[in-house]
Amino acid sequence: MPESLCQSGKCPDLLGAATAVNAVSSLICVQGFRTFGLQVVLSGSPTAVVKILGSNDGVTLTATELGKWDSGSQSAGDIIWVVDKPVQFIELKLTTFSGGTAPTAKAYLSGV
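Residues numbered from 1 in each chain as written. Predicted model: local features only at pLDDT ≥ 70, side-chain atom pairs only at ≥ 80, totals over all residues. Heavy atoms only, no water.

### Description of the sheet that holds strand β1 (residues 28-29)
A sheet is described by the order of its strands in space; here 4 strands give the open sequence β1-β6-β3-β4, paired in antiparallel fashion. Every other strand in the sheet has two partners, leaving β1 and β4 (67-70) as the edge strands with one partner each. Bridge count between strand β3 (residues 47-55) and strand β6 (residues 89-98): 9 bridges; the pairing is antiparallel. Bridge pairing in β6 links S55 to F89. (Pairing = 2+ DSSP bridges. Helix = DSSP H or I, 4+ residues; strand = E, 2+ residues; numbered from the N terminus.)

### Focus: the sheet that holds strand β5 (residues 79-82)
An order of β5-β2-β7 is seen for the 3 strands of this open sheet, with the pairing classed as antiparallel. With one partner strand each, in any of the chains shown, β5 and β7 (104-111) form the two edges of the open sheet. In this sheet, adjacent strand axes meet at a mean angle of 20 degrees when their direction is disregarded. For strand β2 (residues 36-43) and β5, the ladder comprises 4 bridges, and the chain directions are antiparallel. For L38, the partnering residue across the bridge sits in β5 and is I80. (Axes fitted to C-alpha atoms, helices over the stretch in contact; angles between N-to-C directions.)

### As for the pattern of salt bridges
On inspection of all chains with the given rule, the structure shows 2 salt bridges. R34 is the salt-bridge partner of D84, the closest N and O atoms lying 3.5 Å from each other. One end of the pair, D84, is in the loop between β5 and β6; the other, R34, is in the loop between β1 and β2, and 50 residues separate them in sequence. A relative accessible area of 48% means that D84 is categorised as partly exposed. On the accessibility criterion, R34 (43% relative accessible area) is partly exposed. (Salt bridge = Lys/Arg side-chain N within 4 Å of Asp/Glu carboxyl O. Buried < 20%, exposed > 50% of the residue type's maximum accessible area, 1.4 Å probe, protein only.)

### Here we look at unusual backbone geometry
Phi angles above zero are rare outside glycine, and S45 is one such case at about 60 degrees. As for its placement among the helices and strands, S45 is situated in the loop between β2 and β3. Judged by relative accessible area, which is 69%, S45 ranks as exposed. Although it is not a glycine, D84 adopts a positive phi angle of roughly 55 degrees.

### Considering the nonpolar core
If you look at the biggest cluster of nonpolar residues, it comprises 25 residues, and the most contacted ones within it are L38, V50, I52, I90, L92 and L94. When contributions to this core are tallied by element, the ones reaching two or more residues are β2, β3, β5, β6 and β7. Leaving out residues up to four positions away in the same chain, V50 has contacts with L15, L38, V40, G67, K68, W69, L92, K93 and L94. (Core = buried A, V, L, I, M, F, W, Y, C linked by side-chain atoms within 4.5 Å. Contact = heavy atoms within 4.5 Å.)

As structure tokens, this is what we get:
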């Protein structure tokens, strides 16, 4: 079982400092993990929602998100946990992104 989704002790920004709504991460292999922590870091004070979608076949994503980070409920930098959702692949999608001044969204994922 993998110990971390991070490489060399550093987790990559999976949204690539997104600047527009509907930015998505590449499909992330999470085989062996059941619980995930999603941290979203915003700059420029936008309103943002990042959804965690899952897949077992690597092609078809769940219609309902496994979890959701919402700036209306969380502060930038907060981590939300998705517990007991054993899927093989995860994709992150920035579904809401508006307002602010020169905003960016970064997303970091860990698994246990």
